[in-house]
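Reading the structure
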Amino acid sequence: MKIVFLINILRQARCIRRVEDFIAHGYNVEVCGFDREGDNRALPSFKHKIIGHISRTTSYFKRLLMMKNAIKVELAKHDGEVVYYIFSLDVAIAFLLAGGVRRGYMYEVSDLMELEVGNRVVSIVLTWINKFIIKHSIETVITSPGFEDFLFPNQKLNNISIVANKLNKKILDLPKPQNRIFDINNITIGFTGAIRNVAIYNFIEVVGESFPNISLKFHGIFTDDKVYSTKIQNAIAKYDNVSYHGPFKNPNDFPEIYSNIDMVLCLYTAKGNDKVLEPNKLYEAIYFEKPIIVSKNTFTGAYVEERHIGYTVNGEDKKSIKLFLESLRMHGYNERKNNCAKIPKKDLIDDTTPLFNKLELILNS
């Protein structure tokens, strides 16, 4: 059985890892995907084909049309002896518009971007479409239990597998990070990933203006957010205790990054997609025994509070951020760090064995 991947972001580490998983399990794969303007992360090392380029200025409708046309060309190259593996709602919609509804497909959901749409009616329609796509898939992989709770609160579908955003198993072959002694007078907070939103901007402003004893280090890429990308970059440049260190290699650069920070910043909003996602930074933080800072009243916030492995704060309110930073104490920090250390490392490593056991039964039946 051949698996044809249709990837929305070819350079995305999670997408690359999923393809590598299929290759490692002996599947014959073909990889097609879209590349994003300004994305300077490394392209995958396995054979792949770029079938379209996405500009930051392209409207959603034009992007969808471009994706549909590119995918239609790929569909015409294959008969019924392949299964498609689709990443994200935009590619899934383009796939259906290109005639893919009659093809066998698997689907991976890592964000509920329909919740970020300002028009409520459009958001409801897109949510319905997402449910339709999931229900008619051979198998759907979702990366957060919060997604399933939101989409199907009163039922459990047999064709859904939850595969959390855990660490690439390659991390086990890398050196351990250096031990770091926590100093309340010289705290370093690190961020890895897509740098975006009002909560991150607020955090930078509060730290920059009021906490010279705290340093912020950002590793990753700035998203194409039309408001906060520029505001965040300007804020980083404005303060001496806030710095940007460019994109990173996942997981190769993690030991160096986590050797030089005390806590992990993973602060988004408490609404829309942010409310229900489970970020990969959660598992990074636990693995490297660094307390994590997340948003209150979110799926991830409840997880962090229950296990006492970090802090929750309202990132949309600067006063709340300031009160949180003023409340930091050595004892509370060490408690949370120790609770991270108690969680077995093996529980934090990506293990897709259950998924592939299930797929073997489905695809070979």
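Details of the structure are given in the entry above.
Residues numbered from 1 in each chain as written. Predicted model: local features only at pLDDT ≥ 70, side-chain atom pairs only at ≥ 80, totals over all residues. Heavy atoms only, no water.

Things to note about the overall build of the protein
Looking only at helices and strands, the protein has 14 helices and 13 strands in total. For the protein, whose C-alpha radius of gyration is 21 Å, the value lies close to the compact-globule estimate of 21 Å for 365 residues. Taking the principal axes of the C-alpha coordinates as reference, the protein spans close to 65 × 40 × 40 Å. Evaluated residue by residue, the protein yields a buried proportion of 54% over its 365 residues. Taking the contacts inside the protein whose residues are at least 6 apart along the sequence as the reference set, 70% of them involve residues at least 24 apart. Total accessible area on the protein stands at roughly 16,800 Å², and carbon and sulfur atoms take up 52% of it. (Helix = DSSP H or I, 4+ residues; strand = E, 2+ residues; numbered from the N terminus. Rg over C-alpha atoms; globule rule 2.2 N^0.38 Å. Buried < 20%, exposed > 50% of the residue type's maximum accessible area, 1.4 Å probe, protein only. Contact = heavy atoms within 4.5 Å. Areas by Shrake-Rupley, 256 points an atom, 1.4 Å probe, with all protein chains shown as cover.)

Description of the pattern of salt bridges
Taken as a whole, this structure holds 22 salt bridges when the rule is applied. A salt bridge links Arg307 to Glu306, with the nearest nitrogen and oxygen atoms 3.4 Å apart. In this structure Glu306 comes out as exposed when scored by relative accessible area, which is 63%. Through salt bridges with shared partners, one network takes in Arg14, Arg18, Asp21, Glu108 and Lys169. (Salt bridge = Lys/Arg side-chain N within 4 Å of Asp/Glu carboxyl O.)

Describing the pairing of strand 9 (residues 214-222)
Judged by how many residues are buried, strand 9 sits mostly within the fold: 7 of 9 residues are covered. In this view, the connection linking strand 8 (residues 187-195) to its parallel neighbour strand 9 by way of helix 6 (residues 198-210) has right-handed handedness. (Right-handed = clockwise from strand over helix to strand, strands pointing away.)

So, the sheet that holds strand 1 (residues 2-7)
Pairing is parallel across the open sheet formed by 7 strands, whose spatial order is 3-2-1-4-5-6-7. Of all strands in the sheet, those with a lone pairing partner are strand 3 (49-54) and strand 7 (160-162), marking the two edges. Strand-to-strand twist in this sheet, taken as the mean axis angle between neighbours without regard to direction, amounts to 20 degrees. Of the strands in this sheet, strand 1, strand 2 (28-36), strand 3 and strand 4 (82-87) touch helix 2 (residues 60-75), which is tilted by about 165 degrees from strand 3. (Pairing = 2+ DSSP bridges. Axes fitted to C-alpha atoms, helices over the stretch in contact; angles between N-to-C directions.)

Quick word on the nonpolar core
Counting 61 residues, the largest nonpolar core has Ile189, Phe203, Ile204, Phe218 and Leu325 as its most contacted members. At 8 residues, helix 6 tops the list of elements feeding residues into this core. Listed in part, the 37 residues of the second largest apolar core include Val4, Ile54, Ile71 and Tyr105. (Core = buried A, V, L, I, M, F, W, Y, C linked by side-chain atoms within 4.5 Å.)

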